[in-house]
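Residues per chain, in single letters:
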Amino acid sequence: MEHLTDTQSQLALSRNTNDIQGLDILRQAAQNGDKGALEEAAKQFEGIFVQIMLKSMRQAQDVLVDKDSPFNSQQVMFYRDMHDKQLATDLAQNGSIGLADIIVRQLGQLGDGYMPASAMRNDGNLSSLNRDQIKHREASLEQVMSQDEITTFNSFKASAFTDAQNFIETLYPAAKTAAQRLGIDPKALLAQAAVETGWGQHMIHTTEGKNSHNLFGIKADKRWEGDRAMVDTLEVQNGVAKSQKAPFRIYSDFSGSMQDYVNFVQGNPRYQEALKQSAEPAEYFSELQKAGYATDPDYAKKVMSVLASDRFKAFQP
């Protein structure tokens, strides 16, 4: 008991910010594994934090002071700063902010809900997880890029139409032919294509300048035997949009894109409920979204919003 009291008294010396010997006692206690040293060091860290706040407040106040006042001499400011340092230490000892308690519980691994300091120092192994994800993604891309008799182009997105009106007028004939196979309004297909491509302002092009003519964002899976374009795309996973690279189909013209869209939807069993609702665009796109056509949770609403826009209302084929 007497030894504990003596140790506490020695640690108390370190609270004097101007006592170098007291700080050395704290260092020695920490090296000897004294648990009280951690608590004392945490309080001093909180004191430094409070001291920084006080210093910022003083600096803001100094801008407005009278430079000719005898209370603003260098000597007065020197002793004022000494007082602020000690005040910060005393406030920390009283637990005014509570930062010291958090530091002790975390570094000492005390209580539930606190991540161990060791995990924070090595980033909780997150870097290794990220490396594994990157390696997996690179391996998948390499497999896609190396498939025989299939050309994969590095790509970018660029405009293919002058404006929305030009987009509608150019694509309507191909949309009408494809829509007849689905039993849907041609304008509904154009609205979906407008959402996918930003009214044709963000069409996928290869680095050689070739237009992919991909109007519906259909990716090139193993069933696709034509050329493909590798593009950065955003996919929503668990409510979070993440950027990733993916291969997309390349068509020779827009009519080919329209017809392949119909084949893609009709040939996939999961879109059968959507096909049953093709006469009602709102229901069709809602079922299409539910079946996983797009990861955007607002996909159907966006398509219907475009379909209801003045551009389509004013268009007369």
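Residues numbered from 1 in each chain as written. Predicted model: local features only at pLDDT ≥ 70, side-chain atom pairs only at ≥ 80, totals over all residues. Heavy atoms only, no water.

Counting its regular elements, the protein contains 14 helices and four strands. Looking at the 317 residues of the protein, the share that counts as buried comes to 36%. (Helix = DSSP H or I, 4+ residues; strand = E, 2+ residues; numbered from the N terminus. Buried < 20%, exposed > 50% of the residue type's maximum accessible area, 1.4 Å probe, protein only.)

What follows is about the side chain of N214. Structurally, N214 is set in the loop between β2 (203-206) and β3 (228-237). In this structure N214 comes out as buried when scored by relative accessible area, which is 4%. For N214, the side chain forms a polar contact with the main-chain nitrogen of G217, separated by 3.0 Å. Here R249 takes part through its backbone oxygen, which lies 3.0 Å from a polar atom of the side chain of N214. (Polar contact = N/O pair within 3.5 Å; in protein donor to acceptor, adjacent residues only side chain to side chain.)

Our next topic: the confidence of the model for the protein. For the protein, per-residue confidence averages 76 on the pLDDT scale, and residues scoring 70 or more make up 63% of the total. For residues 114-129, every residue scores under 50 in pLDDT, and the model assigns this stretch 11 contacts once sequence neighbours within four places are set aside. (pLDDT = per-residue confidence, 0-100. Contact = heavy atoms within 4.5 Å.)

Examined against the element boundaries, S257 turns out to sit in helix α10 (residues 254-266). Residue contacts for S257: discarding those within four places in its chain leaves H213, N214, L215, F216 and Y251.

Glancing now at the nonpolar core. F167, L215, M258, Y261, Y284, L288 and Y293 are the most contacted members of the largest nonpolar core, which totals 48 residues. Elements that contribute at least two residues to this core include exactly α8 (164-182), α9 (186-197), α10, α11 (272-276), α12 (281-290) and α13 (299-307). Considering every element that reaches this core, the biggest residue donor is α8, with 10 residues. The contact partners of L215, leaving out residues within four places of it in the chain, are F167, L171, A193, E196, T197, M203, F254, S257 and M258. Of all hydrophobic cores here, the second largest spans seven residues; its members include F153, I204, F248 and I250. (Core = buried A, V, L, I, M, F, W, Y, C linked by side-chain atoms within 4.5 Å.)

Bringing the packing of α9 against α13 into the picture now. Relative orientation of the contacting elements α9 and α13 amounts to 120 degrees, with a least axis distance of 8 Å. The orientation of α9 relative to α13 falls into the category oblique. Once α9 is placed against α13, the crossing between them reads as right-handed. Across from K187, A188, A191, Q192, A194, V195 and E196 in α9, the residues of α13 making contact are Y299, K302, V303, V306 and L307. For the contact of α9 with α13, the class distribution of residues is eight nonpolar, one polar and three charged. (Axes fitted to C-alpha atoms, helices over the stretch in contact; angles between N-to-C directions. Parallel < 35°, antiparallel > 145°, perpendicular 65-115°, else oblique. Left-handed = near helix turned anticlockwise from the far one by under 90°. Nonpolar A, V, L, I, M, F, W, Y, C, P; charged D, E, K, R; others polar.)

It is worth spelling out the pattern of salt bridges at this point. Pairing of side chains with opposite charge becomes possible as their charged atoms draw close. Scanning all chains against the criterion turns up six salt bridges. Across the pair E287 and K290 runs a salt bridge, and its minimum N-O distance is 3.8 Å. Taken together, the residues span about one helical turn, with E287 and K290 both in helix α12 at a distance of three residues. By relative accessible area, which is 63% here, K290 ends up exposed. Here K302 makes a salt bridge to D296, at a shortest N to O gap of 2.5 Å. Overlapping salt bridges bring together D221, R223, R249 and D260 as one network. (Salt bridge = Lys/Arg side-chain N within 4 Å of Asp/Glu carboxyl O.)

Moving on, we come to α8. The sharpest bend along α8 measures roughly 50 degrees and falls at Y172, with the proline P173 sitting one to four residues further on. Taken together, the buried positions of α8 are A164, F167, I168, L171, Y172, A174, A175, A178, A179 and L182. Considering only its buried residues, α8 is in contact with α9, α10, α11, α12 and α14 (310-314). The N-cap residue of α8 is D163: its side-chain oxygen and the backbone nitrogen of Q165 are 3.2 Å apart. Two residues or fewer past α8, G183 is found with a positive phi of approximately 75 degrees. (Bend = angle between axes of the 7 residues up to and from the residue.)

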